Amino acid sequence: MAAMFSQNPLMNGPNYSFNDSPRTSAPEGAREHRFDPYTDNGGSTLAIAGADFTIMAGDTRLTSGYSINSRHHPKLFKIGGTTADQKDATIVLSVVGFAADGEALKERLDAICKMYRYRHGKPMSVKACAQRLSTILYQKRFFPYYAYAILGGLDEEGKGAVYSYDPVGSYEREQCRAGGAAASLIMPFLDNQVNFKNQYIPNSGEGHALQERERRPLSRNEVEVLVKDAFDGAVERHIEVGDGLQMMVITKDGIEEILMPLKRD
Amino acid sequence: MDHRPQAWGRPRDDIYGAYDASYLQTSGPKTATQSPVVTGTSVIAIKFKDGIVMAADNLASYGSLARFTDVKRLRTFLDTSVVGFGGDVSDMQFLDRHLKELAIDEAYEHNDDQQQQDDDDSHHKSTPGTALNAANLHKYLQKLMYRRRNDFDPLWNQILVGGLDAARKPFLASVDLRGTAFTSPSLATGFGAALAQPIMRRYAATDEDAARLTREQAVDVVKECMKVLFYRDARSLDRYSIAVVTKDGVELSEDEQLERQSWAFAERIRGYGTQTV
Amino acid sequence: MFRNNYDNDSVTFSPQGRIFQVEYAAEAVKQGSVVVGIASKTHAVLVAIKRNAEELSSYQKKLFPIDEHVGIAIAGLTSDARVLSNFMKQQCLGHRLTYGRNMPVRTLVEMIGSKAQINTQHYGKRPYGVGLLVAGVDDQGPHLFEFQPSGMTEEMVAFAIGARSQMARTYLEKNIDAFRGCSREELIRHGLRALKESLVQDRELTVDNTSVGVVGAVKADDGTTKVEPFRVFDGQEVTAWIESVADDKEGGAGEGEGMEVDS
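Residues numbered from 1 in each chain as written. Chains lettered and ligands numbered in written order. Predicted model: local features only at pLDDT ≥ 70, side-chain atom pairs only at ≥ 80, totals over all residues. Heavy atoms only, no water.

### As for the overall build of chain A
- Counting its regular elements, chain A contains five helices and 13 strands.
- When the accessible surface of chain A is summed, it comes to about 13,300 Å², and 51% of that surface belongs to carbon and sulfur atoms. (Helix = DSSP H or I, 4+ residues; strand = E, 2+ residues; numbered from the N terminus. Areas by Shrake-Rupley, 256 points an atom, 1.4 Å probe, with all protein chains shown as cover.)

Below, the structure is given as structure tokens:
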């Protein structure tokens, strides 16, 4: 068209712009954006598996930047009960990172567990739930849920089970795990106190001959104290952690929820 | 006049240079709202023993220009909840239309509430109709906002929702453009999070504190906060809307004026202007 | 060859203004074993007779939980019922996810009503061959709805569908005024008595062939109402109820005697 008119020798008038061809081409459905879909809402979580129990814990502060959005925003969720109040649930999920993704993740997993119960007439095992959670996370490999998840419950033998995840679904069963803002503060403490790392029997030898302290499973009370200490420590050193401590103790009798205050500064 | 219709309305190359129509992309990547344009500033709200109080000023700014000075940023829902919008005003208006539609559908679906309750004696007296309460509405808005952020087409707002929940207790919660939702005895968006929230938390640090506040106290605190915001937030106005939600419904006043202002403190501010001391 | 020229599809009216395919579907409901539903001010119950195809086979399920506040009883094609049941389950889950509340029962029933109606107006489709009784509670209290393959839905105080259900309905009509004020246990017993009316001679209610489903809106101490989630009772769990209606003549005899109660 442009050629037809602007080079018209008879008119010889001014040329007009007919160029409206697109600048670039992009793949179908591509979107240009300047919007950051993620934020970090702070907070920290922790899970420890015992011989016949699992304790999950998380602080209840929700931050964005230097602001405290809420002092009571739970990070621990009961999963897969028959009803919305999750009275008969046996599995607990903790999420920390971007709160909206964490909540979406929890609701996905819960809906899946409820459908499983409806179809099979029995609750999901922690092992199956853990595997499923991994696939949920990996399904969003290229637009991930920005959430560090920990799943806790009792395995088929009644032993405490803790599964920890990265945001895209790598997972592993562990004895204990800390997640979130203060994970790097709490995890070494747990290595030392739960798995007795770097604890040796005094005067038992020199160098490699030094004998490690014998490992033993911790009791429920010991773990509860440990969790409180871990969080009291984290609160002192990390601004995104504080306000309240939510703890869930999973035993064969069900899930017991405990709320304790933490420093609010 | 050029008698070739194809040339009518076209920019002349000799004056404007070759026309760059590259913005008329047809196959380039799709773009959505990249930043808010006309914006509202803070919304603040606090719980008290039988409900919540929410307030927002009536200004819509265009950057630093006070563009529209009579924009209502608090909206009622089914006369049982109130929704306060901070952020982009066009997205607010879109949401407002959407919520109106939702309210009409909801009222239509449950239009038999009244007659059903009439023929009843004790059972339903304490329960309202099935219609959406503030907690349901907040959940819905959270899903909507989160869905839009997943589509990379966010509604550029931070929203407060106030009213009563299923147990008829005061309910107050927030949701932002990323779908992050949380609740607290007092909430504030934008500048209010820094300026008003510390004041409100003095009166309602916990739900127990909020349950001791009377309506009058709560209204006073909110009005005081609106004044502080007007003193310090350059994108604010002294005309504002205030809403009180209780079990009796929503009382919304959209043309309040800040009273008893005192700018004496301004004299003592140092470090911004040309003063020499 | 054809008995009827107007029953080849569900889009053609007969000259009398009838759609035979839809009526045949309603017949399929009458082939199913009987189910009874009653709603009181606080509870809605479903009771059903389960059939076994032969002595060696198990009994066909008749009651299905949908969500914590809703359950259904079916009469007709079980496979069609499962489709509807799955649909209802999905809708309830979705509603809870977006609004955080129990789906209002009427809304849910109207959805399957519209879904079933579509099958009666499209060439090549077949109406659902199943009738449902939907029992549920929402903010307005307990509800009982009837659903038919035609897409018709109706709220009921008490109703029975399935084989020989007319006898049960007669019992229900006779006692209709009593239901509203009934306790949970009385309501179940009324249901079982209605069920007995529909039994063939020399058949009895047994722990093997009887199902009971209950959902309630229980008033808590603080004045709020709490949902007693829908639960199906089978086998030994229904023994006490069956015994309590074992020998009494119809009409409330033998009520109030101490019996063991599942709460």
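Okay, back to it.
### Observations regarding the interface of chain A and chain C
- Facing eight residues of chain A, the contacting portion of chain C comprises eleven residues.
- Here chain A packs against chain C, burying approximately 840 Å² in sum over the two surfaces, 61% of which is carbon and sulfur.
- When residues of chain A are sorted by the area they lose upon contact with chain C, T83(A), M115(A) and Y118(A) head the list and together hold 54% of the total.
- Taken together, the connections running from chain A to chain C amount to zero salt bridges. (Contact = heavy atoms within 4.5 Å. Buried area = accessible area lost by both parts, 1.4 Å probe. Salt bridge = Lys/Arg side-chain N within 4 Å of Asp/Glu carboxyl O.)

### Concerning the side chain of T41(B)
Residue and element names in this part refer to chain B.
- With respect to the helices, strands and loops of the structure, T41 is situated in the loop between β2 (38-40) and β3 (43-48).
- The class of T41 is buried, set by a relative accessible area of 14%.
- At 2.6 Å, the side chain of T41 and the side chain of D233 are in polar contact.
- Here T41 is in contact with D57, R73, G86, T189, D233, R235 and S236, once residues within four sequence places are set aside. (Buried < 20%, exposed > 50% of the residue type's maximum accessible area, 1.4 Å probe, protein only. Polar contact = N/O pair within 3.5 Å; in protein donor to acceptor, adjacent residues only side chain to side chain.)

### Some thoughts on the packing of aromatic side chains
- Under the criterion given, the structure shown has 16 aromatic pairs over all chains.
- Seen from their ring centres, F35(A) and W156(B) are 5.6 Å apart, and the 65° between their planes marks the pair as edge-to-face. In this pair, F35(A) sits in the loop between β1 (31-32) and β2 (44-49) while W156(B) sits in the loop between α4 (134-150) and β9 (157-164), so the two residues belong to two different chains. Just as F35(A) is buried, W156(B) falls in that class too. (Phe/Tyr/Trp six-rings, centres within 6.5 Å; stacked < 30°, edge-to-face > 60°.)

### Let's talk about the sheet that holds strand β14 (residues 249-257) of chain B
All names here are of chain B.
- Here we have five strands laid out as an open sheet, ordered β12-β3-β4-β13-β14, and antiparallel in their pairing. Here the strands that pair on one side only, and so sit at the sheet edges, are β12 (186-188) and β14. Within this sheet the neighbouring strands show an average axis-to-axis angle of 10°, counted without direction.
- With six bridges connecting them, strand β4 (residues 51-57) and strand β13 (residues 239-246) associate as antiparallel partners. In the strand pairing of β13, I52 is matched with V245. (Pairing = 2+ DSSP bridges. Axes fitted to C-alpha atoms, helices over the stretch in contact; angles between N-to-C directions.)

### Topic: the sheet that holds strand β3 (residues 63-67) of chain C
Residue and element names in this part refer to chain C.
- Here we have five strands laid out as an open sheet, ordered β3-β4-β5-β6-β7, and antiparallel in their pairing. Whereas interior strands pair on both sides, the edge strands pair on one side only; in this sheet they are β3 and β7 (153-155). Sheet twist, expressed as the mean angle between neighbouring strand axes with direction ignored, is 25°.
- Lying over the sheet, helix α3 (residues 105-118) contacts β4 (70-76), β5 (130-138), β6 (141-147) and β7, oriented at roughly 10° with respect to β6.

### Re unusual backbone geometry
- The phi dihedral of N198(A) falls on the positive side, at around 60°, and the residue is not glycine.
- When its relative accessible area of 64% is taken as the criterion, N198(A) is described as exposed.
- The residue R168(B) is not glycine, and still its phi comes out positive at about 65°.

### Concerning the nonpolar core
Residues and elements named next belong to chain A.
- Residues L46, I48, I186, L190, V227 and F231 are the most contacted members of the largest nonpolar core, which totals 28 residues.
- Elements with a minimum of two residues in this core: β2, β3 (54-59), β11 (176-180), α4 (183-193), α5 (220-237) and β12 (244-251).
- The biggest single contributor to this core is α5, with seven residues. (Core = buried A, V, L, I, M, F, W, Y, C linked by side-chain atoms within 4.5 Å.)

### Looking at the pairing of strand β5 (residues 67-70) of chain A
- Where strand β4 (residues 62-64) of chain A meets β5(A), three bridges bridge the pair, whose relative direction is antiparallel. Among the inter-strand pairings, L62(A) is bridged to a residue of β5(A), identified as S70(A).

### What about the confidence of the model for chain A?
- Counting all residues, the mean pLDDT for chain A is 91, and 88% of those residues have values of 70 or more.
- Long-range and interchain partners of residues 1-9 of chain A, a stretch whose pLDDT sits below 50, account for six contacts in this model, where long-range means more than four residues apart. (pLDDT = per-residue confidence, 0-100.)

### What about the UniProt feature "domain: Proteasome alpha-type subunits" (unreviewed entry) in chain C?
- As recorded in UniProt, the sites labelled "domain: Proteasome alpha-type subunits" (unreviewed entry) are residues 6-28 of chain C.
- Note that residues 6-28 of chain C is 39% helix and 0% strand, and that its end C-alpha atoms are spaced 18 Å apart. (UniProt positions renumbered as here; feature names shortened; annotations may be inferred.)

### Focus on helix α4 (residues 165-174) of chain C
Residues and elements named next belong to chain C.
- Among the residues of α4, those classed as buried are S165, A168, R169, Y171 and L172. Taken down its axis, α4 places every buried residue within 160° of arc, on the same side. Exposed residues lying more than 90 degrees from the buried face of α4 are E173 and K174.
- Those residues of α4 that are buried are in contact with β1 (35-39), β8 (158-161), α5 (176-179) and α6 (184-197). (Arc of directions from axis to C-beta.)

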